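Fold and contact review
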Amino acid sequence: MVEIPYNVEARPDTGLYNAKLGIWLFLASEVMLFGALFSSYVLLRTGDPNFMTIPHEIAEHLGGHGESHVWSDQLNVPLAFLNTLVLIFSSVTMVMSWVSLKLEDFGKYKLWMGLTCLCALGFMVIKAIEYNAKFSHDLFPSSGNFLAIYFTMTGLHALHVIGGLIVNGYLWGPGAKMWKTEPERFTNRIEVAGLYWHFVDLVWIFLFPSLYLL
Amino acid sequence: MSVLETHPEDHEHVHHDESWLRKYVFSQDHKVIGIQYGFTALCFLLFGFLLMLMMRWQLAYPGQPIPIVGGILGADNAPGGIMLPEFYNQLGAMHGTIMVFLAIVPLAVGAFGNYVVPLQIGAPDMAFPKLNMMSYWVYATGGVVMFASFFVPGGAANSGWTSYPPLSVTATAGQSWWLLGMVLLITSSLLGSVNFIVTIFQLRVEGLTWMRLPFFVWAQLVTAFLLLLAFPPLEAAGFFQLMDRVLDTSFFMPSGLVVSGEVVRGAGGGSPLLWQHLFWFLAHPEVYVLILPAMGIVAEVIANNTRKPLWGYKSMVYASIFLGFMSFIVWAHHMFLTGMGTTISTFFQTTTMIISIPSVIILSALLLSLWGGSIRFNTPMLFALAFLPMFGIGGLTGLPLGFSATDIHLHDTYYVIGHFHYVVAPGTIFAMFAGVYYWFPKVTGRRMSDFLGKLHFWPSFVLMNCIFMPMFIQGLAGVSRRLYDGGMQYAHAQPVLHWNQFMSIAAFCLFFAQIPFVVNLFLSIKRGKECGDNPWQATTLEWAAAPSPPVAHGNFPQTPVVHRGPYEYSPPEHPKGFMPQHATVPASEEG
Amino acid sequence: MTGHSVEEIKQEARKYWVVFVALVALTVITVGVSYLDLSTGMAVFVALLVACVKGGLVAGVFMHLISERQAIFAILLLTVIFFVVLMFGPTFGRIGSVGTS
Amino acid sequence: MQGLIGKYLPENAAAHGPQLDHMTMIVHWLMLVLFVGWGAYFIYVLFRFRSGRTEQADYQGVKSHYSTYAEVGVAVFEAVLLVGFAIPAWAAWVSPHPEDADPFMVRVVGEQFAWNVHYPGPDGIFGAREIDLVSSSNALGLDPDDPAGADDVTTINQLRLPVDRPVTVLLSSKDVIHSFALPVMRVKQDAVPGMEVAVRFTPVKVSGDERWEIGCAQLCGLGHYRMRGFLTILSPDEFQQWIDGEVAKRMPPEPEPTVAPEEAAAADEAAAEALETAES
Ligand code: HEA
Ligand code: HEA
Ligand code: CUA
Ligand SMILES: [Cu+2]
């Protein structure tokens, strides 16, 4: 294969190595993706006076859970709060794993990266519990546009978490071999994976209040 | 620091054990990927054209069996060879989709961008070769999905390339395939655009500063940004529509719908216009994705064949950046008649008028570049020159559409069809042809026949105008687009109806006019005249610093270092010659 | 970019933990505020303000945006502009509509 | 240009039409001037600077600033058109008729593939509609128990209007997006389900023997091409006579507003066919 310049070291005039610029561009497009979702949410919510109202049939069906007739009260704030903490913590562990590599402490790296992956798993487990509770009450995306938005946004976010989990899992396990041969390149990879991971966290920081709290 | 220090020799041994599959199918070489893109896209261009020929038959001879292919279309589509309205709508939607997303964009960006950009900036390859390969294969998969959708029950998508809900949400299964295909195509474009931007930012060779980049590279850069930032909203909208169709959500479905006499019992509360906003937020920038690379190619060919620098290179660069920027804030000019108030329509009319200015600047600069040249009329130049007035007609007819008041009468008529076909067909397609003729020697080391090229050009030029000019007449008369019978029912269409046959016959002839091109293309691969490394005596790196075809791995035998701007033809210190970007001594014109 | 000496990096790490604490505190605040009876406008404002501060901390510190290169800034600026347009364009379009629903 | 564009434009029968046509004309003038100007230059340059004639290219090229003036000219022209014509024309198009104009109100509801027209009758009040009442004989879902609806008149694909009186069409759709196009009235408006838009114009000519049409300009399914209605502009007397007759037909003997059989017969084949498809 051909050797591509600036794969590892930064190009002097831009101050960046290729993958770093690449991931930022990718994140820019992700901003637009989630931007469209948020925009749709705003438009639908402000456009339909009944957006947040639970229709009678469903409210009745919900029984004890249906005292309130507002959709967002159906969402589980404590669980989401917990998930927020999990994700924030995973952001720190992620950045610490990178710091460990900078300090050339591979053992610590393994620890922090492992924790990051565990957090991601934890997030998914909590998410699954949350979804499951909805389904068991017969609440589906088709129940109303608020839930449709809720499932789409959190679902797409969850897909991003899974994607990050796969990448981080790889970098923790088989991918970590690279540390021995090309430590600098490996550190860059962790930085890039970290940027993505923090972005996933950042999206959640906005999802949490706008879906659960407002 | 120089790229030279990356030592190709050390890696020589890797090359030998490359399998055929890795070399030609799952290749990571931007040149091979470019050719893969190019060939696939040309096939889709032909396919999109064939779909349109069937439609044009129906428009000219409504209710008569389609000759030749009529029998094989199946009883669901064309019983007895006579096209059904459902099938007409499928063809229309798929013609639009295929032409835009599977033919022109892959050709302009995937093929020309991929092949030429790394060469023009002196890079050994794209920044992320694996991503590049994935981008192609995701595109190809998207193409297969789109193609296969013709064979699902109910046929392909039939709600127009714009897929407006609620129609598209209630449409047959083909629409879900369309959405799936679009998600793949969008993903492919995103991967590609990240790659292009990083490549152009990071891999420019020493000395190749921003204002020394060939205009083509600039055009590709702006295009990549448009793809990067405009496509994701459509991806989101695609998910929404898929959910509306599959999971019965109501993102685009308002309350109280009665479809075919049945009350729709969904949750309701959705907004059909939300889709339009998200769609056009992509689709307007998308039209500049179709035109910018074309302008880039035309600029290269014109500079080369006038033997003088481009006039106003800098203003062209700034204009294209501005164009790219503005293209994100004009989208609602496709939605004037959805019930828009004065404030919003004023905003979008104003931005639409503003965006026409950079186009005028680019076009003026290209036209002024001709002044003082010593113009060579070879085949690529003919196509590039024809692009100018054709784009001119297409662009100018955008103006009456851009004023909301005049758009009232013209909206969704054949005037719109005429407007954009002038820009994309004799506009972009011609630029693509110019590109093929121009860079063919780069790929093969051989030239295409100039005679066959002219035999391709002149009939195509005349016929394109015969097809699309009458559309303005029909549009002014108020004939709507997407009419299965071409407007036969309408009294107001009668005075202009006879044009349908004229246009269709011209379209059939246009098909035959492509034969010299196809023959030329395939024959020249083996039989074309060998032409050396720099047959056009060009200054840009892809010609001047690399052999034709370029070195398989790494493109350049020696990494060039750039000393000057891209178009130093006939410079004052060496009026009879030209200065390649990397050269230390001038090259002179031969013959 | 972060510093290169070991000491600098360690200091950097301490910063990350401070930010972590701040993020947790802010999360508690948003949830807390949501139980107050604020008017809709105020609630949205506070929730988004806190979210923006949190987002800013993540982007600025964890993603090193504070010390990032110009090229990235340029790209992000562009993205932010289009993001804002995308965010509000469709809704304003609807509000400016002459139709009634 | 007046002739060239005017030759192809359909006849105009609306009060606001001349203004729009005028603007169309002016824009085409601008386009023509630009195209002919640049075109002449283009051909001249290709001839004069062909390599056979000009062997030595001039590195500098154009030195004058005419092109800049031309570009500024285009920008100014566009700005003038925008401010002077386009924006005011649009503001007039979307704003209500003046208070004292006494506009004639009619409701049009698109469906696959027909235009349902709903007149409020002498009381001037539209009867209530309920989507659960929609059926093949009651395309609009009119509530038979609503007294306001007793005198309402409905037609399919037939829009009859009095001349010289401002009209407000309340436009909506039952199913998918259609576009209500009246070429002779220079009217086009998308009918978006879930939305009701007021479309305003003033017919200034009776249709007489001419066949004027309602077209559907937005792809709405397989019958889009034949979703055609008819527009008849009558003198005030004729119109009154017609609507009185229609009202009489449904008032005392049969209060239920149904589609008069005459109507369906009057509508041409295509309309009847459209109704069938709408039902199937
Ligand atoms: C490559 C594609 C492309 C390009 C470049 C453009 C360019 C422009 N378009 Fe077009 N447009 C489309 C593709 C394109 N469009 C498509 C596909 C649709 C329809 C989609 C659908 O509904 O299916 C559409 C529809 C469309 C509409 C919606 C119409 C409707 O549905 O009612 C509008 C309205 O504003 C519009 C406006 C414009 C304007 C103002 C420009 C301007 O940018 C043009 C500026 C250019 C100029 C002003 C030319 C300058 C000319 C000269 C200087 C003279 C040169 C002369 C000689 C050389 C002799 N376009
Ligand atoms: C980039 C976009 C693009 C291009 C290039 C074209 C090209 C053409 N289009 Fe298309 N068209 C659209 C985009 C495009 N179109 C869109 C978006 C619509 C709207 C759809 C909708 O309503 O939803 C539309 C609609 C549309 C209509 C209106 C249909 C209707 O409203 O009912 C018509 C009617 O004539 C038409 C005609 C043509 C013709 C004759 C060409 C010709 O110019 C084609 C010329 C093609 C060639 C000359 C092919 C050359 C090929 C080769 C040389 C192949 C070589 C191959 C190998 C070597 C393998 N098009
Ligand atoms: Cu209704 Cu087209
Ligand atoms: Cu546009």
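Just so it is clear, the model here is predicted, and its values are computed rather than measured. (Residues numbered from 1 in each chain as written. Chains lettered and ligands numbered in written order. Predicted model: local features only at pLDDT ≥ 70, side-chain atom pairs only at ≥ 80, totals over all residues. Heavy atoms only, no water.)

Focus on the packing of aromatic side chains
Residues and elements named next belong to chain B. Applying the stated criterion across every chain, the model contains 90 aromatic pairs over all chains. Ring centres of phenylalanine 511 and phenylalanine 512 lie 5.4 Å apart, and the angle between their planes is 80°; on these two criteria the pair is classed as edge-to-face. With a relative accessible area of 26%, phenylalanine 511 lands in the partly exposed category. Residue placement shows arginine 307 over the ring face of phenylalanine 578; its charged tip is 5.4 Å from the ring centre. (Phe/Tyr/Trp six-rings, centres within 6.5 Å; stacked < 30°, edge-to-face > 60°. Buried < 20%, exposed > 50% of the residue type's maximum accessible area, 1.4 Å probe, protein only. Lys NZ or Arg CZ within 6 Å of the ring centre and 35° of its normal.)

So, the sheet that holds strand β9 (residues 212-216) of chain D
All names here are of chain D. Overall, mixed pairing links the 5 strands, which are arranged β4-β10-β9-β6-β7 in an open sheet. Single-partner strands in this sheet number two, and they are β4 (158-162) and β7 (187-191). Direction aside, neighbouring strands of the sheet carry axes that sit 20° apart on average. Of the strand pairs in this sheet, β9 and strand β10 (residues 229-234) are connected by 3 bridges, and their pairing is antiparallel. Across the sheet, tryptophan 212 pairs through a bridge with leucine 231, a residue of β10. (Pairing = 2+ DSSP bridges. Helix = DSSP H or I, 4+ residues; strand = E, 2+ residues; numbered from the N terminus. Axes fitted to C-alpha atoms, helices over the stretch in contact; angles between N-to-C directions.)

A closer look at the coordination of the copper ion (ligand 4)
Residues and elements named next belong to chain B. Looking at the copper ion (ligand 4), the protein donor atoms are His284 (ND1), His333 (NE2) and His334 (NE2), and they sit 1.8 to 2.1 Å from it. Motif for the copper ion (ligand 4), donor spacing along one chain: H-x48-H-H. Between the copper ion (ligand 4) and the iron atom of ligand 1 the interatomic distance comes to 4.5 Å. With histidine 284 in helix α8 (residues 272-306) and histidine 333 in the loop between α9 (313-326) and α10 (342-369), this residue pair connects regions lying 49 residues apart in the sequence. An identical accessibility class is assigned to histidine 284 and histidine 333; each is buried. (Donors = N, O, S within 2.8 Å, 3.2 Å for Na, K, Ca; no water.)

A few points about the site of ligand 2
All names here are of chain B. By nearness alone, 36 residues border ligand 2, and Arg56, Tyr88, His95, His421 and Arg482 come closest of all. Within the side chain of histidine 95, an N or O atom sits 2.8 Å from a nitrogen atom of ligand 2. Between ligand 2 and arginine 481 there is a distance of 3.3 Å, counted from an oxygen atom to a side-chain nitrogen or oxygen. The dominant element in the shell around ligand 2, judged by the number of residues it contributes, is helix α3 (residues 30-60), at 8 residues. For the shell around ligand 2, a count of residues per class yields 27 nonpolar, 6 polar and 3 charged. (Near = heavy atom within 4 Å. Polar contact = N/O pair within 3.5 Å; in protein donor to acceptor, adjacent residues only side chain to side chain. Nonpolar A, V, L, I, M, F, W, Y, C, P; charged D, E, K, R; others polar.)

Details of the site of ligand 1
Contacts to ligand 1 come from 34 residues, most closely from Trp161, Tyr288, Asp407, His411 and His419 of chain B. Ligand 1 sits at the junction of chains B and D, each of which supplies nearby residues. Contact between ligand 1 and histidine 333 of chain B: an oxygen atom at 3.3 Å from a side-chain N or O atom of the residue. Histidine 419 of chain B places a side-chain nitrogen or oxygen 2.9 Å from a nitrogen atom of ligand 1. Contributing elements (two or more residues each) for the shell around ligand 1: α8, α10, α11 (379-396), α12 (398-402) and α14 (414-444) of chain B together with α2 (17-48) of chain D.

Details of the coordination of the iron atom of ligand 2
Metal coordination angles in their ideal form are 109.5 degrees for the four-donor tetrahedron and 90 or 180 degrees for the six-donor octahedron. Residues and elements named next belong to chain B. Donor atoms from the polypeptide that bind the iron atom of ligand 2 are His95 (NE2) and His421 (NE2), placed at 1.9 to 2.0 Å. Because the angles between the 6 donor atoms bound to the iron atom of ligand 2 fall within 87 to 178°, the donor set is best described as octahedral. Here histidine 95 is found in helix α4 (residues 85-120), whereas its partner histidine 421 is found in helix α14, with 326 residues between them in sequence. In this pair, the class of histidine 95 matches that of histidine 421, namely buried. (Tetrahedral: all angles 85-135°; square planar, octahedral: opposite > 155°, others 65-115°.)

Observations regarding empty space enclosed by the protein
Residue and element names in this part refer to chain B. Enumeration over the complete set of coordinates arrives at 9 cavities of 30 Å³ or more. Taken as a whole, the largest cavity spans an internal volume of roughly 180 Å³. Listed by contribution, the elements that provide at least two residues to the lining of the largest cavity are α4, α5 (129-148), α6 (174-202) and α7 (215-246). Here the residues of the lining of the largest cavity sort into 10 nonpolar, 8 polar and no charged. (1 Å grid on protein atoms, 1.4 Å probe; cavity = no way out; pocket = protein on both sides within 12 Å on 5 of 7 lines; lining within 4 Å. Points joined across faces, edges and corners; volume = space filled by probe spheres on them.)

Some remarks on the domain arrangement of chain D
All names here are of chain D. For chain D, the assigned domains are domain 1 (2-54 + 65-94) and domain 2 (99-250). Taking only C-alpha atoms, the centre of domain 1 and the centre of domain 2 are 36 Å apart. The interface is formed by 13 residues belonging to domain 1 together with 15 residues belonging to domain 2. Together domain 1 and domain 2 conceal approximately 1,200 Å² of surface at their shared face, both sides included; 48% is due to carbon and sulfur atoms. Sorting the residues of domain 1 by area buried against domain 2 places Glu11, Ala13 and Trp93 first, and these three jointly supply 54% of that buried surface. (Domains from an automatic or database assignment. Contact = heavy atoms within 4.5 Å. Buried area = accessible area lost by both parts, 1.4 Å probe.)

With respect to the interface of chain C and chain B
Of the residues lining the interface, 16 residues belong to chain C; the matching set on chain B comes to 15 residues. Roughly 1,300 Å² is buried in total at the junction of chain C and chain B, and carbon and sulfur atoms are behind 87% of that figure. Broken down residue by residue, the surface that chain C buries against chain B is led by Phe82, Leu86 and Pro90 of chain C, which jointly contribute 38%. Between the two partners, chain C and chain B, sit 0 salt bridges. At the surface where chain C touches chain B, the tally comes to 0 residue pairs in polar contact (both at pLDDT 80 or more). (Salt bridge = Lys/Arg side-chain N within 4 Å of Asp/Glu carboxyl O.)

Looking at a nonpolar patch on the surface
Residue and element names in this part refer to chain C. A cluster of nonpolar side chains, Leu36, Leu38, Met42, Phe45, Leu49 and Val53, forms an exposed patch at the surface whose accessible area comes to about 540 Å². Here leucine 38 is to be found in the loop between α1 (6-35) and α2 (40-62). Accessibility expressed as a relative area gives 33% for leucine 38, which makes it partly exposed. (Patch = residues over 30% accessible without salt bridge, like charges linked within 9 Å, V, L, I, M, F, W, Y side chains within 5 Å. Areas by Shrake-Rupley, 256 points an atom, 1.4 Å probe, with all protein chains shown as cover.)

A look at the confidence of the model for chain D
Interpretation of this model should avoid reading the predicted coordinates in detail wherever pLDDT is low. Model confidence for chain D is summarised by a mean pLDDT of 85, while 88% of its residues fall at 70 or above. For this predicted complex, the interface confidence score (ipTM) comes to 0.92, while the overall pTM stands at 0.93. (pLDDT = per-residue confidence, 0-100.)

Section: the packing of α10 of chain B against helix α3 (residues 66-94) of chain D
Contact geometry for α10 of chain B and α3 of chain D: axes closest at 10 Å, N-to-C directions at 160°. By the angle between their directions, the pair α10 of chain B and α3 of chain D is classed as roughly antiparallel. Here α10 of chain B runs over α3 of chain D; the crossing is right-handed. Contact residues: Thr342, Ser345, Thr346, Gln349, Thr350, Met353, Ser356, Ile357, Val360, Ile361, Ser364 and Leu368 of chain B in α10 of chain B; Ser67, Glu71, Ala75, Glu78, Leu82, Ala86, Ile87, Trp90, Ala91 and Val94 of chain D in α3 of chain D. Class assignment for the residues of the contact of α10 of chain B with α3 of chain D results in 12 nonpolar, 8 polar and 2 charged. (Parallel < 35°, antiparallel > 145°, perpendicular 65-115°, else oblique. Left-handed = near helix turned anticlockwise from the far one by under 90°.)

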